[in-house]
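As a plain string of letters, each chain reads:
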Amino acid sequence: MKRAFKFRFYPTPEQADLLNRTFGCVRKVYNLALQARTEAWYQRQERVNYNTTSAMLTAWKKSEDLAFLNEVSSVPLQQCLRHLQGAFSAFWEKRARYPRFKSKRKSRASAEFTPSAFRFESGRLTLAKMTAPLDIVWSRPLPEGRSPSTVTVSRDSASRWFVSLLCEDTIEPAPATTAAVGIDAGLTHLLTLSAGEKVANPRHERADRKRLARAQRKLARKDKGSANRARARLKVARIHARIGDRRRDFLHKLTTRLVRESQTVVIEDLTVRNLVKNRSLARAISDAAWHDLRSMLTYKAQWYGRDLVVIDRWYPSSKVCSACGAIADKLPLNVREWTCRCGTVHDRDVNAARNILAAGLAVSACGAGVRPQRGNLRSGRQAVKQETRRATAGIPVL
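Residues numbered from 1 in each chain as written. Predicted model: local features only at pLDDT ≥ 70, side-chain atom pairs only at ≥ 80, totals over all residues. Heavy atoms only, no water.

**Topic: the packing of aromatic side chains**
Aromatic rings in a pair are described by how distant their centres are and how their planes are angled relative to each other. What counts, and what does not: Planes of paired rings set the category: under 30 degrees apart is stacked, over 60 is edge-to-face and the rest tilted, where pairs are Phe, Tyr or Trp rings (Trp by its six-membered ring) whose centres lie within 6.5 Å. Numbering of helices and strands runs from the N terminus, with a helix taken as a DSSP run of H or I at least four residues long and a strand as a DSSP run of E at least two residues long. By definition, being over a ring means that NZ of Lys or CZ of Arg is both within 6 Å of the ring centre and within 35 degrees of the ring normal.
Under the definition given, this model contains 9 aromatic pairs. Aromatic pair Phe 88 and Tyr 98: ring centres 5.4 Å apart, planes at 90 degrees, arrangement edge-to-face. With Phe 88 in helix 3 (residues 74–92) and Tyr 98 in the loop between helix 3 and strand 2 (109–113), this residue pair connects regions lying 10 residues apart in the sequence. Its guanidinium or amino end placed over the ring of Phe 162, Lys 6 lies 4.7 Å from that ring's centre, counting from NZ or CZ. Positioned above the aromatic ring of Phe 88 is the side chain of Arg 37, whose terminal nitrogen or guanidinium carbon lies 4.2 Å from the ring centre.

**Let's talk about empty space enclosed by the protein**
Put simply, the test is: Method remark: on a 1 Å grid restricted to protein atoms, a set of points is classed as a cavity if a 1.4 Å probe fits but cannot get out and as a pocket if it is open with protein on both sides within 12 Å along at least five of seven lines; lining residues have an atom within 4 Å of a point. Grid points are joined across faces, edges and corners, and a volume is the space filled by probe spheres set on the points. Charged residues are taken to be Asp, Glu, Lys and Arg, nonpolar residues to be Ala, Val, Leu, Ile, Met, Phe, Trp, Tyr, Cys and Pro, and polar residues to be all remaining types, Gly included.
Per the stated rule, a full pass over the model turns up 3 cavities of 30 Å³ or more. In terms of lining residues, the second largest cavity is bounded by Leu 190, Asn 201, Pro 202, Arg 203, His 204, Arg 247, Phe 250, Leu 251, Asp 287 and Ala 288. With 3 residues, helix 6 (residues 227–261) is the largest single contributor of residues to the lining of the second largest cavity. Considering only residue class, the lining of the second largest cavity consists of 5 nonpolar, 2 polar and 3 charged.

**Concerning the packing of helix 5 (residues 209–220) against helix 6**
As a reminder, the rule being used: Think of each axis as a best-fit line through the C-alpha atoms, taken over the contacting stretch in the case of a helix, with angles from 0 to 180 degrees between the N-to-C directions. The scheme is simple: roughly parallel for angles under 35 degrees, roughly antiparallel for over 145, roughly perpendicular for 65 to 115, oblique for anything else. Should the near helix be turned anticlockwise from the far one by less than a right angle, the crossing is termed left-handed; should it be turned clockwise, right-handed. By definition, residues are in contact when any of their heavy atoms lie within 4.5 Å.
It is the contact of helix 5 with helix 6, at a shortest axis distance of 9 Å, that shows an interaxial angle of 160 degrees. Between helix 5 and helix 6, the angle is such that the two are roughly antiparallel. Relative to helix 6, the crossing made by helix 5 is left-handed. Only Arg 229, Ala 232, Arg 233, Val 236, Ile 239, His 240 and Arg 242 of helix 6 make contact with helix 5, whose side of the interface consists of Arg 211, Leu 212, Ala 215, Gln 216 and Leu 219. Looking at side-chain class alone, the contact of helix 5 with helix 6 contains 6 nonpolar, 2 polar and 4 charged residues.

**A look at the pattern of salt bridges**
As a reminder, the rule being used: One side-chain nitrogen of Lys or Arg within 4 Å of one carboxyl oxygen of Asp or Glu is enough to make a salt bridge. The rule is simple: take the accessible area with a 1.4 Å probe, protein chains only, and divide by the maximum for that residue type; under 20% is buried, over 50% is exposed, in between is partly exposed.
All chains considered together, the criterion is met by 21 salt bridges. Here Arg 294 makes a salt bridge to Asp 269, at a shortest N to O gap of 3.2 Å. Taken together, the residues span a long stretch of sequence, with Arg 294 in helix 9 (residues 290–303) and Asp 269 in the loop between strand 11 (264–268) and helix 7 (272–275) at a distance of 25 residues. Residue Asp 269 is classed as buried on the basis of its relative accessible area of 9%. Because the salt bridges share partners, they merge into one network encompassing Asp 156, Arg 160, Asp 245 and Arg 248.

**Looking at helix 5**
The line we're drawing: By definition here, a helix of n residues has an expected span of 1.5 Å times n minus one. Working definition: the arc comes from the directions between the helix axis and the C-beta atoms, pointing outward to the latter.
With 12 residues, helix 5 ought to run about 16 Å at 1.5 Å a step, and its terminal C-alpha atoms sit 16 Å apart, in line with that. Buried within helix 5 are the following residues: Leu 212, Ala 215 and Leu 219. Along the axis of helix 5, the buried residues cluster in a sector spanning 65 degrees; they form a single face. In helix 5, the exposed positions angled more than 90 degrees off the buried face are occupied by Lys 210 and Ala 220. Tucked into the core, helix 5 has its buried residues touching helix 6.

**Description of unusual backbone geometry**
Not every positive phi belongs to a glycine, and Ser 122 is a case in point at roughly 55 degrees. Backbone geometry at Ser 159 places phi at a positive 65 degrees, although glycine is not the residue there. You can see Ser 159 is positioned in the loop between strand 6 (150–155) and strand 7 (161–168). Judged by relative accessible area, Ser 159 falls into the partly exposed class, the value being 36%.

**Here we look at the sheet that holds strand 2**
This is how it is decided: A strand pair is defined by DSSP finding two or more bridges across the two strands.
The sheet built from 5 strands is open, its strands ordered 2-6-7-1-5 with antiparallel pairing. Each edge of the sheet is formed by a strand with only one pairing partner; in this case those strands are strand 2 and strand 5 (136–137). In the sheet, strand 6 pairs with strand 7 via 6 bridges, with the strands oriented antiparallel. Across the sheet, the residue bridging to Thr 150 is Leu 166, located in strand 7.

**Brief notes about helix 1 (residues 13–44)**
The end-to-end C-alpha distance of helix 1, which contains 32 residues, comes to 46 Å, matching closely the 46 Å that a straight helix rising 1.5 Å per residue would cover. Phi turns positive, to about 55 degrees, at Gln 45, one or two residues after helix 1.

**Considering the side chain of Thr 38**
The criterion, for reference: Each polar contact in these results corresponds to two N or O atoms within 3.5 Å; when the atoms are within protein, one needs to be able to donate a hydrogen and the other to accept it, and residues that are neighboring in sequence are counted only if both atoms are side-chain atoms.
Its place among the elements puts Thr 38 in helix 1. Within the local environment of Thr 38, its side chain forms a polar contact with the backbone oxygen of Leu 34, the two atoms lying 2.7 Å apart.

**Digging into the confidence of the model for the protein chain**
Selection rule: As a per-residue measure, pLDDT tells how confident the predictor is, with possible values from 0 to 100.
Averaged over every residue, the pLDDT of the protein chain is 88; the share at 70 or more is 91%. Low pLDDT, under 50, characterises residues 368–398; the stretch is placed with 64 contacts to residues that sit more than four places away or in other chains.

**Some words on the side chain of Thr 192**
With respect to the secondary-structure elements, Thr 192 resides in strand 9 (residues 189–193). The exposure class assigned to Thr 192 is buried, which follows from its relative accessible area of 1%. Setting aside residues up to four positions removed in sequence, Thr 192 forms contacts with Gly 182, Ile 183, Asp 184, Glu 197, Lys 198, Asp 349, Val 350 and Ala 353.

Written out as structure tokens, the structure is:
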């Protein structure tokens, strides 16, 4: 499979200047092509494809106003036109919204190079129009004997430079095991496992909240367009980057451990987009990064040959007794322990994790209730409830 390896690098002033100009040219060509395609459709009902925009790029380079496009490599400019074509294809297939124009401040500054625009020899990467290789911090080795098929250079809001190399890689499946785990996501504890283990929520954003608020107040007092405001904005961006890096590192370690230890991982289909509409919990939910957790579990399960089962979001995992299958009438969020009529005392989160595991094992056996797509909401919900009531009691929790 193709796998991206991302590294940080430190460009020289000349390299940084060339890359910044490349980012600007990529953004300019993308916006010009998007404008041309939009006007052609709304004014003349014509569809413009990649070949047409590529011919337009040749004409733009010959014009006096856009002659600066010749100062950078032509490959990133062609690649951005291919990306625009992909964006339109996704829009026509109703997988995405209509492509939007790239902003200088809000859009990601990046450029993609194909093998014709870079040279990779003996661990040294040299891009087109450059005389010296990039000073890359090789934090991990690339796949042995494999050269990158594409190289993407980017700069984040904290002015850190990164290079991503796309290589062919072979990932060996993890040793088979019979263990299965149900996961209940929360805020007091980030995860509660069906075995009873509770993973503490690091609350990375809260740890730097005072520092971030102080930097944001200083930024608000600076005059717009001034050099002082630019420096203050950079300090705010670096704090955000620190928070994001720590959160991502923690989630990577946690998800890798869960996938390697368990053959089957069962989680709930949480709609984070709707949950963050709650103003009281939005900040805490965003800091927990449930969406990132789900995406990491998804692709790592594919890598290591594991089964990821997603049960319906409407299944009442907290209210169902994992011992007898009875459903409690009411269970407010402030109730963390409750006693079932069968006499079993439940920890709310542990009970939910055990029910999630039982539901996942039940629906994976019958093939219903798993939600890889949005269309099975009602049928998945009914199947989860019916199958779980039959299978909740008596299933061993690992």
